[in-house]
Amino acid sequence: MKNTCLLSQDAKTYLCCFYQTLDGMVQGMTTAGLTQSISHNFAVQMIPHHRAAVQMSNNVLRFTDSKAVRRLAQHLAEERAKTAERLEAVLPACAQLTNARMDLRLYQRRMDLIYRDMYIKMGSSPENNRLAAVFLRQMLPHCLGAAHMADTALKYDVSTQLVPILRSIAACQRRDAAQIRTLLGRLDCQR
């Protein structure tokens, strides 16, 4: 009898690329050069987060035939690349505004909790040959994590140039998370 639980070569390739990207994202976010500016710190930690979303989205495009998941992955790749560019553009202005030490500690403590939760959920999603669903389950905590990070930054004094980007990140990530949940529901019904 053949073991139907074995991962296909495509699944192994997809997962290896995903975990490599996840590890790079974690490395980029946790080793970013932090300063006395919440605005700067948010930007330098969110840029690798968004760049990883682009890589993860491009990764699934190599393996899925699902039109809905392909559309979502293309959308995520395009939007996250644009937002990363916007963050890079405002980085000099972000560095100009510094925050009180207490605010920095409170902000970073909350962010560390969000990161940890996001990393664990992304890295522990089920591994199987249904790569469209695997991708969606990995991206859901990624999107929700970004929304929570943006909400957290908005509770503090941040650069006026960063505020519209933070609001956009929070809204877009929540919208994308809702779409992911809908797609997951459809895929689960197709089983």
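Residues numbered from 1 in each chain as written. Predicted model: local features only at pLDDT ≥ 70, side-chain atom pairs only at ≥ 80, totals over all residues. Heavy atoms only, no water.

Draft legend 1. Spotlight on the packing of aromatic side chains. For the structure shown, the criterion picks out 4 aromatic pairs. Note on Tyr14 and Phe63: the rings are 6.2 Å apart at their centroids and 85 degrees apart in plane angle, and the pair reads as edge-to-face. With a gap of 49 residues between them, Tyr14 in helix α1 (residues 9–30) and Phe63 in the loop between α2 (38–61) and α3 (67–96) connect regions that are remote in the sequence. By the burial criterion, Tyr14 is buried, and Phe63 matches it. For the ring pair Phe18 and Tyr19, a centre distance of 5.1 Å and an interplane angle of 70 degrees mean the geometry is edge-to-face. Owing to a relative accessible area of 1%, Phe18 belongs among the buried residues under this scheme. (Phe/Tyr/Trp six-rings, centres within 6.5 Å; stacked < 30°, edge-to-face > 60°. Helix = DSSP H or I, 4+ residues; strand = E, 2+ residues; numbered from the N terminus. Buried < 20%, exposed > 50% of the residue type's maximum accessible area, 1.4 Å probe, protein only.)

Draft legend 2. How the structure looks around the packing of α1 against α2. At a closest axis distance of 8 Å, the pairing of α1 and α2 adopts a crossing angle of 175 degrees. Relative to α2, the element α1 lies roughly antiparallel. Across the interface between the two elements, Tyr14, Cys17, Phe18, Thr21, Leu22, Met25, Gly28 and Met29 from α1 touch Gln45, Pro48, His49, Ala52, Gln55, Met56, Asn59 and Val60 from α2. Broken down by class, the residue content of the contact of α1 with α2 amounts to 10 nonpolar, 6 polar and no charged. (Axes fitted to C-alpha atoms, helices over the stretch in contact; angles between N-to-C directions. Parallel < 35°, antiparallel > 145°, perpendicular 65-115°, else oblique. Contact = heavy atoms within 4.5 Å. Nonpolar A, V, L, I, M, F, W, Y, C, P; charged D, E, K, R; others polar.)

Draft legend 3. Main features of the environment of Ala171. Its place among the elements puts Ala171 in helix α6 (residues 163–189). Measuring from C-alpha to C-alpha, the distance between Ala171 and Ala147 comes to 7.2 Å, with 24 residues separating the pair along the chain.

Draft legend 4. The arrangement of the environment of Ser39 in detail. Among the secondary structure elements, Ser39 is positioned in helix α2. Among the residues examined, Ser39 registers a relative accessible area of 0% and is labelled buried. Those residues in contact with Ser39 that sit more than four places away from it in its chain are Cys94, Leu97, Asn99, Val158, Ser159 and Leu162.

Draft legend 5. Focus on the nonpolar core. Residues Tyr14, Phe42, Phe135, Leu136, Met149 and Leu162 are the most contacted members of the largest nonpolar core, which totals 60 residues. Mapped onto this core, the elements with two or more residues apiece are α1, α2, α3, α4 (101–123), α5 (131–153) and α6. By residue number, the principal contributor to this core is α5, which donates 13 residues. Those residues within four positions of Met149 in sequence are excluded, and the remaining contacts are Met29, Phe42, Met46, His49, Met111, Ile114, Tyr115 and Met118. (Core = buried A, V, L, I, M, F, W, Y, C linked by side-chain atoms within 4.5 Å.)

Draft legend 6. Quick peek at the side chain of His49. Within the secondary structure, His49 sits in helix α2. Not counting the four nearest positions on each side in its chain, His49 is found in contact with Met25, Met29, Met118, His142, Ala146 and Met149.

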